[in-house]
Amino acid sequence: MSRIVIIGGGPAGYEAALVAAQLDAEVTVVEADGAGGACVLSDCVPSKTFIASSDVVTAFREGGDLGVINDNPEEVWVDAQAVHARVKKLALAQSHDIATKLTKAGVELVAGTARLGDDALGHRHPVIITPAGGDEYSVDADVVLIATGATPRVLPDARPDGERILTWRQVYDLPELPSKLVIVGSGVTGAEFASAYLAAGVDVTLVSSRDRVMPHEDADAAMAIENVFRARGMTILGNARAESVTRTADGVLVTLADGRTVEASHALMAVGSVPNTGSLNLQGYGVTVAPGGYVQVDRVSRTNVPGVYAAGDCTGVLPLASVAAMQGRVAMWHSLGEAVIPLKLKTVAANVFTDPELANVGVSQKEVDSGKVPARTVMLSLDGNARAKMANVTDGFIKLFCRPASGLIIGGVVVAPKASELILPISMAIENHLTVDQLAHTITIYPSLSGSIAEAARQLMQHEFE
Ligand SMILES: Cc1cc2nc3c(=O)[nH]c(=O)nc-3n(C[C@H](O)[C@H](O)[C@H](O)COP(=O)(O)OP(=O)(O)OC[C@H]3O[C@@H](n4cnc5c(N)ncnc54)[C@H](O)[C@@H]3O)c2cc1C
Ligand SMILES: NC(=O)c1ccc[n+]([C@@H]2O[C@H](COP(=O)([O-])OP(=O)(O)OC[C@H]3O[C@@H](n4cnc5c(N)ncnc54)[C@H](O)[C@@H]3O)[C@@H](O)[C@H]2O)c1
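None of the values given here were measured: they were computed from a predicted structure.

Parameters at a glance
Residues numbered from 1 in each chain as written. Chains lettered and ligands numbered in written order. Predicted model: local features only at pLDDT ≥ 70, side-chain atom pairs only at ≥ 80, totals over all residues. Helix = DSSP H or I, 4+ residues; strand = E, 2+ residues; numbered from the N terminus. UniProt positions renumbered as here; feature names shortened; annotations may be inferred. Pairing = 2+ DSSP bridges. Axes fitted to C-alpha atoms, helices over the stretch in contact; angles between N-to-C directions. Near = placed C-beta within 6 Å. Contact = placed C-beta atoms within 7 Å.

Draft legend 1. View of unusual backbone geometry. Note the cis peptide between Asp 355 and Pro 356, where omega equals 0°. Tracing the backbone through its elements, the reader meets Pro 356 in the loop between strand S18 (350-352) and strand S19 (357-362). The residue after Tyr 446, namely Pro 447, is reached through a cis peptide bond having omega -10°. In this fold, Pro 447 is placed in the loop between helix H13 (436-440) and helix H14 (451-463). Even without being a glycine, Asp 24 presents a positive backbone phi close to 70°. Relative to the helices and strands, Asp 24 is located in the loop between helix H1 (11-22) and strand S2 (26-31). Although it is not a glycine, Ser 301 adopts a positive phi angle of roughly 70°. Positionally, Ser 301 belongs in the loop between helix H7 (282-285) and strand S17 (308-310).

Draft legend 2. Focus on the UniProt feature "domain: Pyridine nucleotide-disulphide oxidoreductase dimerisation" (unreviewed entry) in the chain. Summarizing the sequence annotation, UniProt attributes the feature "domain: Pyridine nucleotide-disulphide oxidoreductase dimerisation" (unreviewed entry) to residues 349-457 in the numbering used throughout. From the first C-alpha to the last, residues 349-457 spans 19 Å; its make-up is 31% helix and 27% strand.

Draft legend 3. View of the sheet that holds strand S22 (residues 409-416). Ordered in space as S18-S19-S22-S21-S20, the five strands form an open sheet in which the pairing is antiparallel. Because the sheet does not close on itself, it has two edges, and the strands there are S18 and strand S20 (376-381). On average, adjacent strands in this sheet sit at an angle of 10° to one another, irrespective of strand direction. Inspection of the sheet shows strand S21 (residues 397-402) paired to S22 by six bridges, in the antiparallel sense. Bridge assignment links Phe 401 to a residue of S22, and that residue is Gly 411.

Draft legend 4. Local environment of the site of ligand 2. The immediate surroundings of ligand 2 are formed by 24 residues, with Gly 185, Gly 187, Thr 189, Ser 209 and Gly 272 found nearest. If you list the elements that add at least two residues to the shell around ligand 2, you get helix H5 (188-199) and S18. The greatest single-element share of the shell around ligand 2, amounting to four residues, is contributed by H5.

Draft legend 5. Fine view of the sheet that holds strand S10 (residues 203-207). Across the sheet, five strands lie side by side as S8-S15-S9-S10-S11; this open sheet has parallel pairing. For this open sheet the edge positions go to strand S8 (165-167) and strand S11 (235-237), each flanked by a neighbour on one side alone. Pairs of neighbouring strands in the sheet enclose a mean axial angle of 20°, with direction left out of account. Summarising the sheet, S10 and S11 pair through three bridges and their orientation is parallel. Considered in S11, the bridge of Thr 205 is made with Thr 235. Along the sheet face, H5 touches strand S9 (180-184), S10 and strand S15 (266-269) and points at about 165° away from the line of S10.

Below you can see the structure in the form of structure tokens.
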């Protein structure tokens, strides 16, 4: 029986553990904070739960446009303590569910921390485990999986204090919503929180280091969302780098590199993450660590040391829960001798949970524009869609990319409410090598937003005859 030790119990670690247990390995997961890791306890699950509450506020505020009158929309307010309590309760419940699943599968779950021991230059790898409140001990593993995730990046002159200068993990401890919030960093994390706080009625200023928000996303989609943000009253400072964030008597002062300053009641730092790899004795053990602290892995999650694998955010491959989970599973299938398909990022769909949402999959507009990927493109606004009109959806579009000659679908972008649910047909089309003709011939529900996906495919068909 193979002895496996997994360091970190987030999606990479716990999904790996379930696969290894299914393959009859003896598995130990060592997790510092709780089953589900940061994904469940402090990052993905809490933020999406918070957003679920802010979406309700938006629905209330916009009801008037559909003839549902709230005499005083300003009276709709967010009880921060109730929302925060719900966020924490839901995260803990999810963590508990995962712990139960692991235990039922026969996985040993140790609350504590672990690191690699001294390199024994053998086939087994010593892992030093320090259980919470207990004495450290060593386990010799045939296979070790490093799945330790990442931690919010801290700027030297903007140190979070948990009161006024916050990381995204600390916001749920606030007794009330900020009266004025400045969010530093307009990547996916910054944009999601900016959208949610704005909806919740907070005066939001977003400090964006580039000329537009979400610089890594599709430019049309990011601009569409930026326009919604501005129309709803958000202040967005473009080409602005925060140099420092300091406390004032009753709030914070953000100083930008160009000398501008912003005062607010609170600052939320969303300037990226750093991998949790500093205290694992990786270098001592001979595991290659790339610049930035990421563990270097191949597409089956192997490090350079046989028997030592790594998965998830600590590898920097693509920081998504879905990818972390697949990297973890692939590591176990590979190490336990199962047939395995190396990780493919081509069909990974991602979604930004702003309002509206932004989902994408496959090739990007940037790759098409640069000539790297030859493709035909169509971008179809949702404003002609009957269902969108009924629901008063005024912002959004569907974008499809296909191969010029064959019409094979190779990518797509959706900006819409619940874009996360609308991207699946495009992902399935890419995964299953479908053409725009095949998508166009699929009969969709009328009226539906997904009807616009088939309509976009029809438009790409028409191009073939031009
Ligand atoms: C605000 C935010 C929102 C996000 N929303 C989404 C989303 O909607 N969808 C999505 O797909 N992705 C989302 N992500 C990304 C997603 O959270 C990560 O990709 C995912 O958590 C990575 O999983 P992981 O298993 O690698 O690490 P983690 O979930 O970070 O888990 C790693 C765990 O290992 C523990 N650990 C570290 N060192 C040790 C040690 N030495 N011993 C024991 N334990 C240790 C850590 O405490 C942590 O609990 C979001 C990220 C952020 C920051
Ligand atoms: N919905 C989701 O799936 C979801 C949500 C959040 C995060 N994530 C994952 O996490 C990854 C990281 O996203 P992120 O937004 O946390 O980090 P990021 O690194 O993508 O963005 C951080 C931003 O902060 C900016 N920045 C850095 N220093 C700054 C400064 N001094 N002043 C102003 N701006 C500054 C950077 O230029 C960058 O644009 C994403 O790519 C995504 O994979 C996913």
